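A look at the structure
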Amino acid sequence: MEKTWRWFGKKDRITLAMLQQIGVEGIVTALHDVPLGEVWTREKIHDLKEYIESYGMRWSVVESLPVVETIKYGGPDRDYQIEVYKQSLRNLSAEGIHCICYNFMPVLDWARTDLMHQNPNGAYNLYFNYAEFAYFDIYILKREGARTDWENFRFPEGYGEGRNVLAEADELAKQMTPEKDHALVENIVIKTQGFVSGNFHEGDEAPVQKFREFLALYKGIDKSKLRENMKYFLEAIMPVCEECGMNMCVHPDDPPIEVLGLPRIVRTEEDIDWLLTAVPNKHNGLTFCAGSLSAGAYNDVVKLAQKFAPRTHFVHLRSCHIFPNGDFTEASHLGGRAHLVELVRIFEKENPALPMRVDHGMAMLGDETKGYNSGYSFLGRMFALGQVEGILATVDSELGIPYKQPGFFD
Ligand code: DNO
């Protein structure tokens, strides 16, 4: 697989010169300064691409070309926004970029409740606590129907036995303070969403109110309606993808559960089967995010990789650990539920040129003071990349593929 790295543009504290030293071959990035819903111009794409190439790497994948909410809920201007999307695809293709990671998660992109949860080894990882999330939903967001949803919430078999998330959220409410509420809002809304070019930004004045307004747009949108809208979008852009050789790779929902009363439709084997058959075009493919999928207890990640490798155009390598009570955290890249060794075997056999990036590294050895985006540390991700690279070199040797580490004389 091609070793890529998610880099947040020229303002990223992690520079391309640093990435060159650690053997990164391809860059995964976006035009983070273009507002949602505007065309990515050829000039801007060209400028960033040239900059990346000046460091001996290529712009391998766009993550993300965001799908604006109106396309997801089917608003009155969705056809206009689909045209904008198509134009950005054409412009990217004209600059030689042919792989797009996007998601179809309503309102919220990925979600965690704790962005600095200490591991037994002293480093920090991301963490999802159901009771805190329920507290956010019921007591901060004050979403209509939230109490009932959490009352009816059930963990997948084998997890969370005897746990009452609603009761825990009520208990939590007795100990929370305005400062703790603020920290939770920062974690769920601002720090996780702020850097992914989505709906929320650092410095948003009333993020909770904004959140409610977004949620209101989805009144009456259930799973089948969201599926219909996704199919509509994909069918509309496929002719352009054909024409430009553009691979669309949907990112699975993270975590792969329904949140805040919103439907989520890229969570399970059945969902992925649906989306790949609903629009049976090779250009309609998957970002195989092993981490997101492994946070769902019902997902057998290795089985999913075996089944969906032919339609996978981009891979995120990380792994989750689910605690017996159902909460989950990021595992070591060599541990957890995702079985990266097996995944590398499957994907390397399928296509040795497949772009792959390690995802969500620990914050370690000083990363935590550098102000990196949550999950996107330097040392932690470098550590993970080293581990994955070891797997890759071993698998290549098993398969008889010569392994070359860039940046050395031999
Ligand atoms: C989080 C990321 C996601 C991902 C988008 C793709 O760490 O994996 O934000 O980039 O969902 O559109």
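Preceding block: the structure.
All of the points below concern the structure found in this document.

Lining the immediate environment of the ligand, one finds 15 residues, of which Glu63, Ser64, Asp109, His360 and Tyr376 sit closest. Contact between the ligand and Arg6: an oxygen atom at 3.2 Å from a side-chain N or O atom of the residue. Here an oxygen atom of the ligand and a side-chain polar atom of Ser64 are 2.6 Å apart. Surface burial for the ligand is 100%, taken as the share of its 330 Å² of free accessible area covered by protein chains. Considering every element that reaches the shell around the ligand, the biggest residue donor is strand 4 (residues 99–103), with three residues. In terms of residue class, the shell around the ligand is made up of six nonpolar, five polar and four charged.

Moving on: the nonpolar core. Generally speaking, nonpolar side chains in soluble globular proteins are found buried as a group. Grouped together as the largest cluster of nonpolar side chains are 120 residues, with contacts concentrated most on Leu19 and Leu343. Counting contributing residues per domain, this core is built from domain 1 (2–109 + 221–399) and domain 2 (114–216), each supplying no fewer than three. If sequence neighbours within four positions are ignored, Leu19 has contacts with Trp5, Trp7, Ile14, Val24, Ile27, Met57 and Phe378.

Attention now moves to the state of the cysteines. Counting across every chain of the model gives zero disulfides. For Cys101, which is in no disulfide, the shortest distance to another cysteine sulfur is to Cys249 and amounts to 6.6 Å. Distance from the sulfur of Cys289, which forms no disulfide, to the nearest cysteine sulfur (Cys320) is 8.0 Å. Cys289 gets classed as buried once you look at its relative accessible area, which sits at 0%.

All right, on to the layout of surface pockets then. Its volume calculated, the largest pocket comes out at about 970 Å³. In terms of lining residues, the largest pocket is bounded by 43 residues, among which Phe8, His32, Asp33, Phe195 and Ser197 are the most central. Elements that contribute at least two residues to the lining of the largest pocket include exactly helix 2 (42–53), helix 4 (78–94) and helix 8 (178–193). Looking at the lining of the largest pocket, the element that brings in the most residues is helix 4, giving four residues. For the lining of the largest pocket, the class distribution of residues is 20 nonpolar, 13 polar and ten charged. Of the domains in this structure, domain 1 (2–109 + 221–399) and domain 2 (114–216) are the two that each give at least three residues to the lining of the largest pocket. In this structure, the second largest pocket encloses a volume near 330 Å³. As for the second largest pocket, its lining consists of 16 residues, of which Arg143, Glu144, Leu215, Ala216 and Lys219 are closest to the centre. Looking at the lining of the second largest pocket, its residues break down into eight nonpolar, two polar and six charged. Two domains each provide a minimum of three residues to the lining of the second largest pocket, namely domain 1 (2–109 + 221–399) and domain 2 (114–216).

What counts and how
- Residues numbered from 1 in each chain as written.
- Predicted model: local features only at pLDDT ≥ 70, side-chain atom pairs only at ≥ 80, totals over all residues.
- Heavy atoms only, no water.
- Near = heavy atom within 4 Å.
- Polar contact = N/O pair within 3.5 Å; in protein donor to acceptor, adjacent residues only side chain to side chain.
- Areas by Shrake-Rupley, 256 points an atom, 1.4 Å probe, with all protein chains shown as cover.
- Helix = DSSP H or I, 4+ residues; strand = E, 2+ residues; numbered from the N terminus.
- Nonpolar A, V, L, I, M, F, W, Y, C, P; charged D, E, K, R; others polar.
- Core = buried A, V, L, I, M, F, W, Y, C linked by side-chain atoms within 4.5 Å.
- Buried < 20%, exposed > 50% of the residue type's maximum accessible area, 1.4 Å probe, protein only.
- Domains from an automatic or database assignment.
- Contact = heavy atoms within 4.5 Å.
- Disulfide = S-S within 2.5 Å.
- 1 Å grid on protein atoms, 1.4 Å probe; cavity = no way out; pocket = protein on both sides within 12 Å on 5 of 7 lines; lining within 4 Å.
- Points joined across faces, edges and corners; volume = space filled by probe spheres on them.

Such coordinate-based values are descriptive only and should not be taken to indicate function.
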